[in-house]
Amino acid sequence: MIKIEKLHKSFGKNEVLKGISTTIKEGEVVAIIGPSGSGKSTFLRCINMLEEPTSGQIVVKEQEITGAKTNIMKVRENVGMVFQHFHLFPHMTVIENLTYAPMTVKKVSKAEAEKNAHELLKKVGLSEKANEYPNRLSGGQKQRVAIARALAMSPEVMLFDEPTSALDPEMVKEVLDVMKSLAHTGMTMAIVTHEMGFAKEVADRVLFLDEGSLVEEAHPQEFFTSPKSERARLFLQKVL
Ligand code: ADP
Ligand code: MG
């Protein structure tokens, strides 16, 4: 589904990604973990071209998105993204948040967009909030709306950048549960997370990033019990 080759990204003289290569298969759930500042967000943002790679190649569904002629908007239709701070449209109701992109970008009819939106709201357990504005929702509810909004575009891949880091502890589970059930539907997912329990339970593979390099790539069982690199060992000592 996603193929990444020798991905480099610099901000000025700061080389943030130092040649990352990996592939993510269809239906695979990949957890991206590593210390703060290691380049996790930048890596994720390159996959849907929120950041332009300095060099290297990214292919999503057989389309090279790093190519000069790439239609970035088309790429983003296929790659949904969920952020730490939700990024909902504050002046739109929940249902309007969910129908806006399908109607404007995909030219889906209002009736069809709303029908789909209601189904998605049911899936994330928020049917009764359809006509609410985001500022009337809890953090966990906002994040579930954000997930439903991303899904409304029927993406092939979902990217999550620390989706639970801004939440009060009692709201983390409701969001992780939605992500877990999404994983079980066979969605291809790449998730930057500090929730090690979730990574262990749900991910098919862990990518450990440190200082812009992919230091280790392993099955969670293996990574969490016997990490190969010293850097991963030190990191796990601090977070587990
Ligand atoms: P992580 O998500 O692992 O904490 P980031 O990808 O956010 O790491 O950041 C990695 C490095 O890139 C940091 O040193 C950060 O300051 C730098 N960085 C990220 N985004 C930008 C940007 N838009 N402009 C300049 N520097 C950036
Ligand atoms: Mg980050």
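Residues numbered from 1 in each chain as written. Chains lettered and ligands numbered in written order. Predicted model: local features only at pLDDT ≥ 70, side-chain atom pairs only at ≥ 80, totals over all residues. Heavy atoms only, no water.

A.B. asks: Sorry if this is basic, but what is going on with the overall build of the protein chain here?
C.D. replies: Assigned secondary structure in the protein chain consists of 9 helices and 10 strands. Expected size for 240 residues packed as a compact globule is a radius of gyration near 18 Å; at 18 Å, the protein chain falls within 12% of this value. Taking the principal axes of the C-alpha coordinates as reference, the protein chain spans close to 55 × 45 × 30 Å. Counting over 240 residues, the protein chain shows a buried share of 51%. The contacts of the protein chain with a sequence gap of at least 6 include a subset with a gap of at least 24, amounting to 65%. Taking the average place of the 31 positive charges on the side chains of the protein chain and the average place of its 31 negative ones, the gap between the two points comes to 2 Å. (Helix = DSSP H or I, 4+ residues; strand = E, 2+ residues; numbered from the N terminus. Rg over C-alpha atoms; globule rule 2.2 N^0.38 Å. Buried < 20%, exposed > 50% of the residue type's maximum accessible area, 1.4 Å probe, protein only. Contact = heavy atoms within 4.5 Å. Lys, Arg positive; Asp, Glu negative; His and termini not counted. Charge placed at Lys NZ, Arg CZ, Asp CG, Glu CD.)

A.B. asks: Before we go on, may I ask you to explain the side chain of Q143 in this structure?
C.D. replies: With respect to the helices and strands, the residue Q143 is situated in helix 5 (residues 139-151). For Q143, a relative accessible area of 0% translates into the label buried. Dropping the residues within four chain positions of it, Q143 is found in contact with V82, F83, Q84, F86, P163 and V175.

A.B. asks: Would you mind showing me how to read the pattern of salt bridges here?
C.D. replies: Once their charged atoms are close, side chains differing in charge can pair, the charge on each being opposite to the other. Within the structure shown, the criterion is met by 17 salt bridges. Of the charged contacts in the structure, one is a salt bridge between E51 and R45, with a shortest N-O distance of 3.3 Å. As a salt-bridge pair, E217 and R205 come within 2.3 Å of each other at their nearest N and O atoms. Linking E217 in strand 10 (residues 213-218) with R205 in strand 9 (residues 205-210), this pair joins segments that are 12 residues apart in sequence. For E217, a relative accessible area of 33% translates into the label partly exposed. Through salt bridges with shared partners, one network takes in K173, D177, K180 and E201. (Salt bridge = Lys/Arg side-chain N within 4 Å of Asp/Glu carboxyl O.)

A.B. asks: What's the story with the pairing of strand 1 (residues 2-11) in this structure? I'm lost.
C.D. replies: Both faces of the sheet carry side chains from a regular strand, because those side chains alternate between them. Of the pairings in the sheet, the one linking strand 1 to strand 2 (residues 14-24) comprises 8 bridges and is antiparallel in character. Bridging across to strand 2, I2 finds its partner in I24. Counting the residues in the hairpin turn of strand 1 and strand 2 gives 2 residues, including G12, whose phi is positive at 60 degrees. Relative to strand 4 (residues 55-60), strand 1 is paired through 5 bridges, and the arrangement is antiparallel. Across the sheet, K3 pairs through a bridge with V59, a residue of strand 4. (Pairing = 2+ DSSP bridges.)

A.B. asks: What exactly am I supposed to notice about the sheet that holds strand 7 (residues 157-161) here?
C.D. replies: Pairing between sheet strands relies on hydrogen bonds along the backbone, with the strands arranged either parallel or antiparallel. Strand order in this open sheet of 6 strands is 6-7-8-3-9-10, and the pairing throughout is mixed. Only two strands of the sheet have a single neighbouring strand rather than two, namely strand 6 (79-82) and strand 10. With direction set aside, neighbouring strand axes in the sheet form an average angle of 20 degrees. When strand 7 meets strand 8 (residues 188-192), the two strands line up parallel, connected through 5 bridges. Bridge pairing in strand 8 links D161 to V192. Sitting on the sheet, helix 6 (residues 169-184) is in contact with strand 3 (29-33), strand 7 and strand 8, with an inclination near 150 degrees to strand 8. Here helix 9 (residues 230-239) sits on the sheet in contact with strand 3, strand 9 and strand 10, set at roughly 100 degrees to strand 9. (Axes fitted to C-alpha atoms, helices over the stretch in contact; angles between N-to-C directions.)

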